[in-house]
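What follows is each chain in one-letter form.
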There are 2 protein chains.
Amino acid sequence: MEAAYASRSSAREMVYRSLRHDILHLILKPGTKMSEQEVSERFHVSRTPVREVFVRLFQDGLVEVYPQRGTYVSLINLANVDEGRFAREVLEMAVVQDACGHLTRDDIINLESNLAQQEICHDNQSYLQMLSLDDRFHAALFRICGRERTWQMISQLNNDFFRLRVLRLSHHHDWDRIIAQHRAILDAVKENKPDTAAQTMQEHLRMVIVERKRLLQEFPDYFAQP
Amino acid sequence: MEAAYASRSSAREMVYRSLRHDILHLILKPGTKMSEQEVSERFHVSRTPVREVFVRLFQDGLVEVYPQRGTYVSLINLANVDEGRFAREVLEMAVVQDACGHLTRDDIINLESNLAQQEICHDNQSYLQMLSLDDRFHAALFRICGRERTWQMISQLNNDFFRLRVLRLSHHHDWDRIIAQHRAILDAVKENKPDTAAQTMQEHLRMVIVERKRLLQEFPDYFAQP
DNA sequence: CCTTCTAGACTACCATGGTAGTATACTGTA
DNA sequence: TACAGTATACTACCATGGTAGTCTAGAAGG
């Protein structure tokens, strides 16, 4: 058996990836109506694969389907954000402590290189690249501990958290603290200080709690009522 | 806006729930072939909703789709089991520590009642009920801490872990330790001993690691090669 | 002007037919 | 017997037509 379904470039897969990307990056804004008809015309495919994409997006929590009424990009649910953040906090504190033990030479080079690129981003103000680097920084810590799948799992469940990060990074360019915290985490891991590393990670992941209020005021119609 | 898609009883939803249940409870054994045709005839619906159900099951990791070749119930992936177990361990240790603080009278009644029913199950040897009670016991701890969604999230990702538990509970009726550990956890929480509670929870969730080897030998064709 | 009712234009849902690609069983050949 | 080539019966994939349910704009009545 060779390549499975996911890796194939079917019409369904193309549409799914495109819509998923656009929703996560807020190109399709929360609350936007999406009809089978419209999407199928836009991508020049029939309605069947579009329906199947909607099923997948619904499974991801990215759209809400109201039968005979319409399909809408789901609003950002702050309760989901908070629980996703909690899961990340607990898991990443454990992971970063574990990483203190086995950090290879290559790992250090990789993480240092990532941080250097973050600095460059800070000058460029390229938030898309910053987002990607941030993800890769955290993913690397999981990979070091042999917990790559765990990262993938919580990533899947943190779609709302992701959208909040997009909103934050794209509208407020106060990335100094973020980068400083990444630096502090890396240093603590390198110096084999698990407690400091965990502490800093916790602080890092709790930043969003404060930012939340500001974003809620600034973009009230992006969020679901709690 | 009222009820959303998920709660409706469409053909798709019926078929999805039925197949999902059968796969998770090993009624449909890992590796079994499932064709659109066959399933659509069995449920007396057309192939379109069946296709959409396959998409959802694929998203859940419960089936693998090989285009133009067939759709198969996915084998149990032990790497997935282990990472899911790790996530549960870390999260549940945090949750059970947190639960020590705020345990209401109703919570105690609920959990004690659950444990009493587990004892009854132990006599009846009803593994399906035992499975359900076990899930509800752990879910209750999350709910107490206001982390119900977190439980739902990790449940979604622990399908392989779930199937391993089904295998274990249905074929080996050594439930004494499981029930005893639940009792120990509850007691520790009641007596406000967070460290003991966390420790016992860790031990509890690590039991499956040992069982794994036995099950792998007993049902080799249920598992994917690592 | 405000409310009630109705006709029409949507929506997602499901059935069905056709297509390209894959696996397999069979046939012909050495 | 062993093997190569081919026909056939599958598979999932996609296009399209019809249907019941929902929303909305405009007419009718107060």
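How each quantity is defined
- Residues numbered from 1 in each chain as written.
- Chains lettered and ligands numbered in written order.
- Predicted model: local features only at pLDDT ≥ 70, side-chain atom pairs only at ≥ 80, totals over all residues.
- Heavy atoms only, no water.
- Core = buried A, V, L, I, M, F, W, Y, C linked by side-chain atoms within 4.5 Å.
- Buried < 20%, exposed > 50% of the residue type's maximum accessible area, 1.4 Å probe, protein only.
- Helix = DSSP H or I, 4+ residues; strand = E, 2+ residues; numbered from the N terminus.
- Near = heavy atom within 4 Å.
- Polar contact = N/O pair within 3.5 Å; in protein donor to acceptor, adjacent residues only side chain to side chain.
- Pairing = 2+ DSSP bridges.
- Phe/Tyr/Trp six-rings, centres within 6.5 Å; stacked < 30°, edge-to-face > 60°.
- Lys NZ or Arg CZ within 6 Å of the ring centre and 35° of its normal.
- Least-squares fit on C-alpha atoms with pLDDT ≥ 70 in both.
- Contact = heavy atoms within 4.5 Å.
- Domains from an automatic or database assignment.
- Buried area = accessible area lost by both parts, 1.4 Å probe.
- Salt bridge = Lys/Arg side-chain N within 4 Å of Asp/Glu carboxyl O.
- Expected span 1.5 Å × (residues − 1).
- Axes fitted to C-alpha atoms, helices over the stretch in contact; angles between N-to-C directions.
- Parallel < 35°, antiparallel > 145°, perpendicular 65-115°, else oblique.

## Some words on the nonpolar core
Item 1. Formed by 137 residues in total, the largest nonpolar core has its most connected members in A:Leu19, A:Phe223, B:Leu19 and B:Phe223.
Item 2. Ranked by the residues each element gives to this core, the list is headed by helix H4 (residues 78-101) of chain A, at 11 residues.

## Side note on the protein's contact with DNA strand D
Item 1. Close contacts around DNA strand D come from 23 residues, with A:Ala11, A:Ser46, A:Arg47, A:Thr48 and A:Arg69 the closest.
Item 2. Considering DNA strand D, the proportion of its atoms within 4 Å of the protein that are sugar or phosphate atoms stands at 60%.
Item 3. One of the side-chain nitrogen or oxygen atoms of A:Arg69 is found 3.1 Å away from a phosphate oxygen of DNA strand D.
Item 4. Separating a phosphate oxygen of DNA strand D from a backbone N or O atom of B:Glu36 is a distance of 3.3 Å.
Item 5. The set of elements that each furnish at least two residues to the surface near DNA strand D consists of helix H1 (11-24) and helix H3 (47-59) of chain A together with strand E1 (33-34), helix H3 (47-59) and strand E3 (70-73) of chain B.

## Focus: the pairing of strand E2 (residues 63-66) of chain A
All names here are of chain A.
Item 1. Here E2 runs beside strand E3 (residues 70-73); their pairing, made up of 4 bridges, is antiparallel. Of the residues in E3, the one forming a bridge with Val-63 is Val-73.
Item 2. Linking two consecutive strands that pair antiparallel, namely E2 and E3, is a turn of 3 residues; a positive phi of about 60° is found at Gln-68 within it.

## Describing the packing of aromatic side chains
Item 1. A full pass over the atoms with the stated rule returns 6 aromatic pairs over all chains.
Item 2. With a centroid separation of 6.1 Å and an interplanar angle of 65°, the aromatic rings of A:Tyr66 and A:Tyr72 are classed as edge-to-face. With respect to class, A:Tyr66 is no different from A:Tyr72; both count as buried.
Item 3. Ring centres 5.3 Å apart and planes at 40° place the aromatic pair A:Phe142 and A:Trp151 in the tilted group. The burial state of A:Phe142 is the same as that of A:Trp151; both residues are buried.
Item 4. Note that A:Arg147 overlies the ring of B:Phe86, its terminal NZ or CZ placed 4.0 Å from the centroid.

## Observations regarding the relation of the copies chain B and chain A
Item 1. Of the transformation superimposing chain B on chain A, the axial component is 0.1 Å and the angular component is 180°, with the fit at an RMSD of 0.1 Å. With respect to symmetry, the two chain copies, as superposed, fit the operation of a two-fold axis. Proximity to the rotation axis, assessed at the C-alpha, singles out B:Glu52 in chain B; its C-alpha lies 2.8 Å from the axis.
Item 2. Mapped onto chain A, 100% of the interface residues of chain B are again interface residues, and the two copies thus contact each other with one and the same surface.

## A look at the domain arrangement of chain A
Residue and element names in this part refer to chain A.
Item 1. As far as domains go, chain A holds domain 1 (5-73) and domain 2 (78-222).
Item 2. Just the C-alpha atoms count here: the centres of domain 1 and domain 2 sit 28 Å apart.
Item 3. The interface of domain 1 with domain 2 comprises 10 residues on the first partner and 9 residues on the second.
Item 4. Here domain 1 and domain 2 share an interface that buries about 930 Å² over both sides, 61% of which is from carbon and sulfur atoms.
Item 5. Here domain 1 and domain 2 share 0 salt bridges between them.
Item 6. Between the two partners, domain 1 and domain 2, sit 1 residue pair in polar contact (both at pLDDT 80 or more).
Item 7. By residue number, the principal contributor to the side of domain 1 that touches domain 2 is H1, which donates 3 residues.

## Observations regarding the sheet that holds E1(B)
Sheet strands pair by backbone hydrogen bonding; their relative direction is either parallel or antiparallel.
Residues and elements named next belong to chain B.
Item 1. Judged by pairing direction, the sheet is antiparallel, and its 3 strands sit side by side in the order E1-E3-E2 without closing on themselves. The open sheet has two free edges, formed respectively by E1 and strand E2 (63-66), since each of these has just one partner strand.
Item 2. Taken together, the 2 bridges between E1 and E3 define a ladder with antiparallel strand orientation. When the bridges of E3 are listed, Met-34 appears paired with Thr-71.

## Notes on H4(A)
Residues and elements named next belong to chain A.
Item 1. End to end, H4 covers 35 Å across 24 residues, agreeing with the expected 34 Å (1.5 Å per residue, within 8%).
Item 2. Of all 24 residues in H4, 17 are buried; the element is thus mostly enclosed.
Item 3. Of the residues that open H4, the one with a side-chain oxygen 2.8 Å from the backbone nitrogen of Ala-79 is Asn-77.

## Things to note about helix H9 (residues 176-190) of chain B
All names here are of chain B.
Item 1. The end-to-end C-alpha distance of H9 is 21 Å, a good match for the 21 Å that 15 residues give at a rise of 1.5 Å each.
Item 2. Among all positions in H9, only Ile-178, Ile-179, Gln-181, His-182, Ile-185, Leu-186, Ala-188 and Val-189 are buried.
Item 3. On its buried face, H9 is in contact with helix H4 (78-99), helix H5 (105-124), helix H6 (127-144), helix H8 (159-171) and helix H10 (194-218).
Item 4. Two residues or fewer after H9 comes Asn-192, characterised by a positive phi angle close to 60°.

## Digging into the side chain of A:Asp134
All names here are of chain A.
Item 1. One can find Asp-134 in helix H6 (residues 127-144).
Item 2. Only 3.0 Å separates the side chain of Asp-134 from the side chain of His-182, close enough to count as a polar contact.
Item 3. In this view, Asp-134 contacts Arg-165, His-182 and His-204; residues no more than four positions away in its chain are not counted.

## Focus: the interface of chain B and chain A
Item 1. Taken together, the contact between chain B and chain A spans 42 residues of the former and 42 residues of the latter.
Item 2. Taken together, the connections running from chain B to chain A amount to 4 salt bridges.
Item 3. Salt-bridge contacts for B:Glu52 lead to A:Arg51; the nearest nitrogen and oxygen are separated by 2.8 Å.
Item 4. At the boundary of chain B and chain A, one finds 14 residue pairs in polar contact (both at pLDDT 80 or more).
Item 5. Broken down by secondary-structure element, the contributors of at least two residues to the side of chain B that touches chain A are helix H1 (11-24), H3, E2, H4 and helix H7 (148-157) of chain B.
Item 6. It is H4(B) that contributes the most residues to the side of chain B that touches chain A, 11 residues altogether.

## Describing the packing of H4(A) against H4(B)
Item 1. The N-to-C vectors of H4(A) and H4(B) enclose an angle of 110°; their axes lie 10 Å apart at closest approach. The orientation of H4(A) relative to H4(B) falls into the category roughly perpendicular. Two secondary-structure elements touch here, H4(A) through A:Phe86, A:Ala87, A:Val90, A:Leu91, A:Ala94 and A:Val95 and H4(B) through B:Phe86, B:Ala87, B:Val90, B:Leu91, B:Ala94 and B:Val95.

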